[in-house]
Amino acid sequence: MPVIKGTKGDWEYNITPGKTYQNEKSGDRIEIKYKPKPGTCSDIRLVQTVKWVAYDSNNNVVTTNPKDMYPPNVPNKFRFRANSEVAVNGEIYSIDYRKCESEPYFNGDSVKGKASRGDATKTPPENTEMKDRPHTGIESMKQNIVKVVKHFKTCAICVETGAILGCMSWTSTATRNPYDHGTINVNPTECKKVSPASVAALKQFINTHVTTDSNGKRYWKCEETGKKGKNATTGRTLPPINDDFYDKWGTVKKSSFQWIELDQQHVGGGKLSDDLVAVVTKSINHPAQSAIKFTWAGEQDKTISGVVLTPMNDISAEDISPFVYDEVCFQNDFVSLVAVSVTPELLISLLESVSEFGEQLTEPKGPVIVSIITNPRTNEAFGFYGSLNSKDLDVILKSILFPNNESEKAIEMIGYLSFNMGLP
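Residues numbered from 1 in each chain as written. Predicted model: local features only at pLDDT ≥ 70, side-chain atom pairs only at ≥ 80, totals over all residues. Heavy atoms only, no water.

A closer look at the sheet that holds strand 5 (residues 29–36)
Across a sheet, paired strands are connected by hydrogen bonds in the backbone, their directions being either parallel or antiparallel.
Then comes step 1: Ordered by their spatial adjacency, 4 strands build an open sheet running 1-2-5-10, and the pairing between neighbours is antiparallel. The outermost strands of the open sheet, each flanked by one partner alone, are strand 1 (3–4) and strand 10 (128–132).
Then comes step 2: Bridging between strand 2 (residues 9–16) and strand 5 involves 8 bridges; their strand directions are antiparallel. Its bridge partner being in strand 5, Thr 16 is matched across the sheet by Arg 29. (Pairing = 2+ DSSP bridges. Helix = DSSP H or I, 4+ residues; strand = E, 2+ residues; numbered from the N terminus.)

What follows is the structure in structure tokens.
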């Protein structure tokens, strides 16, 4: 077996090619074995993340969202994962699990015949193993999709503490002509650490697959039924989730909410661009260092707060002030302005929607002032502002794609904007 060397353990794998029947090839099978080095963890499992990428005949990406790969009358058999999917940099990731599987482990105890527990405390250490044969029914997908690549990240995880011991990466590529349901390739040189996408996917899985009893103990659950997960072999309820594991992975980060108090003596001076496309492109490329602000400049009986949406949890008045000006349309920013932290994915979706109204934004007639700020606190900071009418803002807000891990506060603030600045 080929070997991939790791810090806390090594990976062995073997690929068995799928059989060919006339013009159709079945999916390859992969066997993966993680061989831990002597250590302190007595329960090691494998957790696997998957991302789908669909291509057209020109090798252009069609979509990374599985639900968009099938015609309306052909349901995706993995649609049960919808609530556990997470968007990272515009791409969809999920823990690779079966329907009603309660644990995130590919070789956990909740699926019959797949359990494999590694133990680094024994001499010699016991391995943890898995087998997988990804099958992509590409013939059932939309006709413009001719190739689908599934990207897998398989990681060894300590069930007791949640520590990731190491990872390996591999792909399964399916094609329409000739029909190939999955040819596997392993990338032994790719980073062996857990990726941000895998981290986000695991946290989202836990967000949808954990239940707490009256004693405060947490258990894995089947999302479809809400019932506690059971050992597929013994039929007994799986043991409670270790506190150390949950403390590491189970806390879903909530978006912050803060009031911003601007000083009229310290505003303006920020570098402005009249090129909306350039500012939006820069912001989409650096969403974690960007923000978008909505200010109501129309007549009002009661104060309508301005809203800043940004992934920057620590954004401050000093960051925003250079892009607020001593003009009538910004006067409400000095009365009431709030900042809400959103995911980078939500900001990107919002920016993409706003960019479609470039012509309207360059006409300063509407009551809604839209400001885009990128790279504040740096010498590369610059921004753009324009105005929209309430009808156009309503279209923008209704076109937003909300990531599954978006906070309630962020969703609430989009609703606030729609109700107070959009159409009645």
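As for the sheet that holds strand 18 (residues 306–310)
Then comes step 1: With mixed pairing, the 6 strands of this open sheet are ordered in space as 16-19-18-17-20-21. Since the sheet does not close on itself, it has two edges, and those belong to strand 16 (257–259) and strand 21 (382–388), each with one partner. Within this sheet the neighbouring strands show an average axis-to-axis angle of 20 degrees, counted without direction.
Then comes step 2: In the sheet, strand 16 pairs with strand 19 (residues 337–341) via 3 bridges, with the strands oriented antiparallel. (Axes fitted to C-alpha atoms, helices over the stretch in contact; angles between N-to-C directions.)

Some details on helix 1 (residues 196–208)
Then comes step 1: An ideal rise of 1.5 Å per residue puts 18 Å on 13 residues; helix 1 measures up with 19 Å between its terminal C-alpha atoms.
Then comes step 2: Residues Ala 197, Ser 198, Ala 201, Leu 202, Gln 204, Phe 205, Ile 206 and Thr 208 constitute the buried set of helix 1. (Expected span 1.5 Å × (residues − 1). Buried < 20%, exposed > 50% of the residue type's maximum accessible area, 1.4 Å probe, protein only.)

Topic: the packing of aromatic side chains
Then comes step 1: Summed over the entire model, instances satisfying the criterion amount to 13 aromatic pairs.
Then comes step 2: Seen from their ring centres, Tyr 105 and Phe 245 are 6.3 Å apart, and the 80 degrees between their planes marks the pair as edge-to-face. Within this pair, whereas Tyr 105 is found in the loop between strand 9 (91–95) and strand 10, its partner Phe 245 is found in helix 2 (residues 243–249), the two being separated by 140 residues in sequence. The two residues Tyr 105 and Phe 245 agree in class, both being buried.
Then comes step 3: Put simply, the rings of Trp 52, Phe 78, Phe 80, Tyr 97, Tyr 105, Phe 205, Trp 220 and Phe 245 touch in pairs and so form one group of aromatic residues.
Then comes step 4: Taking NZ or CZ as reference, Lys 114 lies 3.5 Å from the ring centre of Phe 106, over its face.
Then comes step 5: Over the aromatic face of Tyr 219 sits the side chain of Lys 228, whose NZ or CZ is 4.0 Å from the ring centroid. (Phe/Tyr/Trp six-rings, centres within 6.5 Å; stacked < 30°, edge-to-face > 60°. Lys NZ or Arg CZ within 6 Å of the ring centre and 35° of its normal.)

Re the side chain of Ser 336
Then comes step 1: Relative to the helices and strands, Ser 336 is located in the loop between helix 4 (317–320) and strand 19.
Then comes step 2: One polar contact links Ser 336 to Ser 305, side chain to side chain, over a distance of 2.4 Å. (Polar contact = N/O pair within 3.5 Å; in protein donor to acceptor, adjacent residues only side chain to side chain.)

Considering the state of the cysteines
Then comes step 1: Scanning the model with the defined rule gives 3 disulfides in all.
Then comes step 2: The side chain of Cys 41 participates in a disulfide bridge whose partner is Cys 158; the two sulfur atoms lie 2.2 Å from each other. Disulfide Cys 41 to Cys 158: torsion about the S-S bond roughly 100 degrees, handedness right-handed. Residue Cys 41 is located in the loop between strand 5 and strand 6 (44–55), and its partner Cys 158 is located in strand 11 (residues 147–158); the two are separated by 117 residues in the primary sequence. Across the pair, exposure class does not vary: Cys 41 and Cys 158 are buried alike.
Then comes step 3: In the chain, the cysteines engaged in disulfides, taken in order along the sequence, are linked 1-4, 2-6, 3-5. (Disulfide = S-S within 2.5 Å.)

Digging into helix 8 (residues 408–420)
Then comes step 1: Here helix 8 contains 13 residues, and its C-alpha end-to-end distance of 18 Å stays within 8% of the 18 Å for a straight helix at 1.5 Å per residue.
Then comes step 2: Within the span of helix 8, buried status applies to Ala 410, Met 413, Ile 414 and Leu 417. Axial view of helix 8: buried residues confined to an arc of 105 degrees, hence all on one face. Projecting away from the buried face of helix 8 at angles above 90 degrees are the exposed residues Glu 408 and Phe 419.
Then comes step 3: Summarising the contacts, the buried residues of helix 8 are in contact with strand 16, strand 17 (290–296), strand 18, strand 19, helix 5 (344–355) and helix 7 (390–398). (Arc of directions from axis to C-beta. Contact = heavy atoms within 4.5 Å.)

Focus: unusual backbone geometry
Then comes step 1: Here the bond from Thr 123 into Pro 124 is cis, since omega is -5 degrees, no more than 30 degrees from zero.
Then comes step 2: Considering the arrangement of structural elements, one finds Pro 124 in the loop between strand 9 and strand 10.
Then comes step 3: Residue Pro 178 is reached from Asn 177 by a cis peptide bond, and omega for that bond is 0 degrees.
Then comes step 4: In this fold, Pro 178 is placed in the loop between strand 12 (164–175) and strand 13 (179–187).
Then comes step 5: With phi around 65 degrees, Asn 59 is a residue other than glycine that occupies positive phi space.
Then comes step 6: Take Asn 59: it is sitting in the loop between strand 6 and strand 7 (61–63).
Then comes step 7: Positive phi values are uncommon outside glycine, yet Cys 100 reaches one of about 70 degrees.
Then comes step 8: Take Cys 100: its relative accessible area is 35%, and that puts it in the partly exposed class.

Thoughts on the pattern of salt bridges
Side chains that carry opposite charge are capable of pairing whenever their charged atoms lie near each other.
Then comes step 1: Throughout the structure, instances matching the rule amount to 17 salt bridges.
Then comes step 2: Here Lys 35 makes a salt bridge to Glu 12, at a shortest N to O gap of 3.3 Å. Linking Lys 35 in strand 5 with Glu 12 in strand 2, this pair joins segments that are 23 residues apart in sequence.
Then comes step 3: Here Lys 35 falls in the partly exposed class, since its relative accessible area comes to 33%.
Then comes step 4: A salt bridge links Lys 409 to Glu 412; the nearest nitrogen and oxygen atoms lie 3.5 Å apart. Taken together, the positions of Lys 409 and Glu 412, both in helix 8 and 3 residues apart, correspond to about one turn of that helix.
Then comes step 5: For Lys 409, a relative accessible area of 27% corresponds to the partly exposed category.
Then comes step 6: Connected through salt bridges with shared partners, the residues Asp 43, Arg 45, Asp 109 and Arg 117 form a single ionic network. (Salt bridge = Lys/Arg side-chain N within 4 Å of Asp/Glu carboxyl O.)

Topic: the packing of helix 7 against helix 8
Then comes step 1: At a minimum axis separation of 9 Å, helix 7 and helix 8 run at an interaxial angle of 160 degrees. Regarding the angle of helix 7 to helix 8, the classification is roughly antiparallel. Crossing of helix 7 over helix 8 shows left-handed handedness. Facing helix 7, whose interface residues are Leu 393, Asp 394 and Leu 397, helix 8 presents Ile 414, Leu 417 and Ser 418.
Then comes step 2: Of the residues that constitute the contact of helix 7 with helix 8, the class distribution is 4 nonpolar, 1 polar and 1 charged. (Parallel < 35°, antiparallel > 145°, perpendicular 65-115°, else oblique. Left-handed = near helix turned anticlockwise from the far one by under 90°. Nonpolar A, V, L, I, M, F, W, Y, C, P; charged D, E, K, R; others polar.)

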